[in-house]
Structures are given as structure tokens and as C-alpha cells.
Amino acid sequence: MISIKSQTELEKLAVAGRLSANALMYGGSMIKAGMTTYELDKLIHDYIVKNGGTPTFLGYGGFKGSACISLNEKVIHGIPSKHEVIKDGDIVTIDTGATVDGWCGDNAYTFPVGKVNEETLKLLEVTKEALRIGIAQAVPGNRVGDISHAIEEYVRSFGYGIVKEYCGHGVGRTLHESPEVPNYGAAGKGPRLMPGMVIAIEPMISLKGDAIRQLPDGWGVVSKSGAPTAHYENTIAITKDGPEILTKATI
Ligand code: MG
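To start, this report covers the structure provided alongside it. (Residues numbered from 1 in each chain as written. Predicted model: local features only at pLDDT ≥ 70, side-chain atom pairs only at ≥ 80, totals over all residues. Heavy atoms only, no water.)

### So, the coordination of the magnesium ion
Threshold: Sites may look incomplete because water is not among the atoms; the donors themselves are N, O and S atoms within 2.8 Å of the metal, or within 3.2 Å for Na, K and Ca. Helix and strand labels come from DSSP, where a helix needs a run of H or I of at least four residues and a strand needs a run of E of at least two; each type is numbered from the N terminus. Residue exposure (1.4 Å probe, protein chains only): buried if accessible area is under 20% of the type maximum, exposed if over 50%, otherwise partly exposed.
Taken together, the protein ligands of the magnesium ion are Asp 106 (OD), His 169 (NE2), Glu 202 (OE) and Glu 233 (OE), with distances of 2.1 to 2.4 Å. Written as a sequence motif, the donor residues of the magnesium ion are D-x62-H-x32-E-x30-E. Taken as a pair, Asp 106 in the loop between strand E6 (103–104) and strand E7 (107–112) and His 169 in strand E9 (residues 168–170) lie far apart in primary sequence, 63 residues in all. For the residue pair Asp 106 and His 169, the accessibility class agrees, reading buried in each case.

Structure representation (C-alpha cells):
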């Protein structure tokens, strides 16, 4: 069942979304070549706690970080590690969620570090735009498939791969709710979007090929081709006036 949130609930989700977004942008601003993903995670953890939230991902399904930090060919669910050092030329995907007053936010962004090659920068730009194009379809009366199809069509026009095993999702008191929001599919199919629904839209895109591989740590997911991957995500509310981004940073 897809839950419809009241105005009061939407306001609480916006508070959680704002902190999730601020933590993400703060994390992005702190990335430096030479630091470990563990150190970056610690900064994000402390930021969320200092600002009145709880890191949603910490302990979720046994996850051992406050943020998912995924480098280069790793697309999602990277576990922060003391042994993983960020280098110049890397791309760093940070995925953060903050829970405030029992409500969650979820968002992600891929940050380039230092000098990143043109091909990879183009992947980031296209994936970010795919998110924007997906969000534009999140209007009452449309169906989930309209979001999925718009993302797929745009991304495929560049010949990129789409991660199909993972997808966007409803957000509320828990991080993952109905409906699933895939990054591929047929327009006009799937649940109908209605005001009060809150969903995370999150294209996960690879420079080459759709196939992925799960790392032995049981969490990290990498492109099978080894090609760089990008991931951008916002939590949005469907409103009668159109999509409203709840994970909007104010720092
Ligand atoms: Mg998500």
C-alpha cells in the first residue's frame, strides 16, 4: 500500500529531508584527496547528530556506517572504511539519510575529486539531469512508469548502462516504503501518482553496461564492467502544484 501523507507529516518529512540534504552537501564540501571514507563518514555522522537528527542508515539492516560512500565503479552501499583512501581523480558518491522526529530523508550525490576525466564528468552531468527529468514526471495523474521511462530514455540516448536491481522507493517513517520506482520501464504503467505520496527518485547509472556485481562484504555494489558509476537522488513529495523536493539543502 502506498501511504498518503498529511500536510503535517509532509512538513516533518521536509525537516528530515533538509537535514539529509545539508549533511550530504556538508559531506561533499569536506572531501579531500588523502582522507579515508571512514573519516568522511564520521564527519557526516557528527553533522547529523549535532543538528538534531539520527543517521538513518546506521545499523539499517546491520549497515556499519552513517552514510553510504561509494567510489568510482562502486555505485551504491559502499561501507565507509579506514582502509579506503580517496584519491585525486576519484568520483565519490555519498548517500545520506537523516531521521528527525521519526521521519526519514534520503538523498545522494556523486562528487568529482580534483581532476576527473571528461568522459566521467559527462556521466555525472547526464545522471544528474536524468534525476531532474524523472522528478519532472512526478506529478499527480502520471504513473510511476512515466518517471522510469523518462529516465531510461534519456540515459540510453547516451549509451550508458542502467542498474536495474536497485531502484527508488517510497519514503516515510521508514526508509523504504512502497512503491518501487525503477529507473527503466514503460510509460503509463505502474501505480498512479497522487498528492501526498513521497518518493525517492534515484538513477544509478554506469558508463558501460547494466550488469552489476555484489562485493564480498555483502553491501557494496559495483559495475561488472569496472566502469565508473554515478548516483543522484532526491526525496520528493507529489503535490497538486507539482513535485516538491524535500531534500533541499540550505547550507
Ligand atoms: Mg534511496
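Once you've had a look at it, read on.
### Digging into unusual backbone geometry
Across the junction of Ser 178 and Pro 179, the peptide omega takes the value 0°, indicating a cis bond. Relative to the helices and strands, Pro 179 is located in strand E10 (residues 177–181). Backbone geometry places Asn 72, a non-glycine residue, at a positive phi of 55°. The residue Asn 72 is located in the loop between strand E2 (67–71) and strand E3 (74–76) in this model.

### Observations regarding the layout of surface pockets
Formally: Both cavities and pockets are sets of points on a 1 Å grid over the protein atoms alone; in a cavity a 1.4 Å probe fits but cannot get out, in a pocket the set is open with protein on both sides within 12 Å along at least five of seven lines, and lining residues sit with an atom within 4 Å of a point. Grid points are joined across faces, edges and corners, and a volume is the space filled by probe spheres set on the points. Lys, Arg, Asp and Glu make up the charged group, whereas Ala, Val, Leu, Ile, Met, Phe, Trp, Tyr, Cys and Pro make up the nonpolar group; the residues left over, Gly among them, are polar.
If you add up the space inside the largest pocket, you get close to 280 Å³. Surrounding the largest pocket, 20 residues form its lining, His 77, Asp 95, His 169, Leu 175 and His 176 being those nearest its centre. Within the lining of the largest pocket, the residues separate by chemical class into 10 nonpolar, 4 polar and 6 charged.

### A word on the sheet that holds strand E14 (residues 221–223)
Keep this limit in mind: When DSSP finds at least two bridges between two strands, those strands are taken to pair. Convention adopted: a line fitted to C-alpha atoms gives each axis, helices being fitted over their contacting stretch, and angles between N-to-C directions are expressed from 0 to 180 degrees.
Spatially, the 3 strands line up as an open sheet ordered E3-E14-E13, and their pairing is antiparallel. The open sheet terminates on both sides in strands that have one partner only, identified here as E3 and strand E13 (212–214). Across the sheet, the mean angle separating the axes of adjacent strands is 40° when strand polarity is ignored. Examined bridge by bridge, E13 and E14 share 3 bridges and lie antiparallel to one another.

### Description of the sheet that holds strand E5 (residues 98–100)
Strands sit in the order E1-E5-E6 across an open sheet of 3 strands; the sheet is antiparallel. The sheet is open, and its two borders are formed by strand E1 (54–55) and E6, each paired with just one other strand. With 2 bridges joining them, E1 and E5 adopt antiparallel strand pairing. What sits directly across from Pro 55, in E5, is Ala 98.

### Regarding the pairing of strand E4 (residues 91–96)
Counting buried positions over the 6 residues of E4 gives 6, a clear majority of the element. On E4, burial covers both faces: Ile 91, Thr 93 and Asp 95 on one face and Val 92, Ile 94 and Thr 96 on the other are all buried. Pairing geometry for E2 and E4, over 5 bridges, is antiparallel. Each residue of the ladder has a partner; that of Ile 69, found in E4, is Ile 94.

### Thoughts on the nonpolar core
Using the following cut-off: Residues enter a nonpolar core if they are buried and are Ala, Val, Leu, Ile, Met, Phe, Trp, Tyr or Cys, with the set joined through side-chain atoms within 4.5 Å. Residue contacts follow a heavy-atom distance rule, with two residues in contact if any of their heavy atoms lie within 4.5 Å.
Core analysis: the largest hydrophobic core is formed by 27 residues, its most contacted members being Ile 147, Val 155, Tyr 160, Ile 199, Ile 201, Ile 236 and Ile 238. Looking at this core, the elements that each hand over two or more residues are helix H3 (118–136), helix H4 (144–156), strand E11 (198–201) and strand E16 (234–239). No other element matches the 6 residues that H3 contributes to this core. Setting aside residues up to four positions removed in sequence, Ile 201 forms contacts with Leu 131, Gly 134, Ile 135, Ala 138, Ile 147, Ile 151, Tyr 232, Glu 233, Asn 234 and Ile 236. Membership of the second largest hydrophobic core comes to 20 residues, among which are Ala 23, Ile 44, Tyr 47 and Ile 69.

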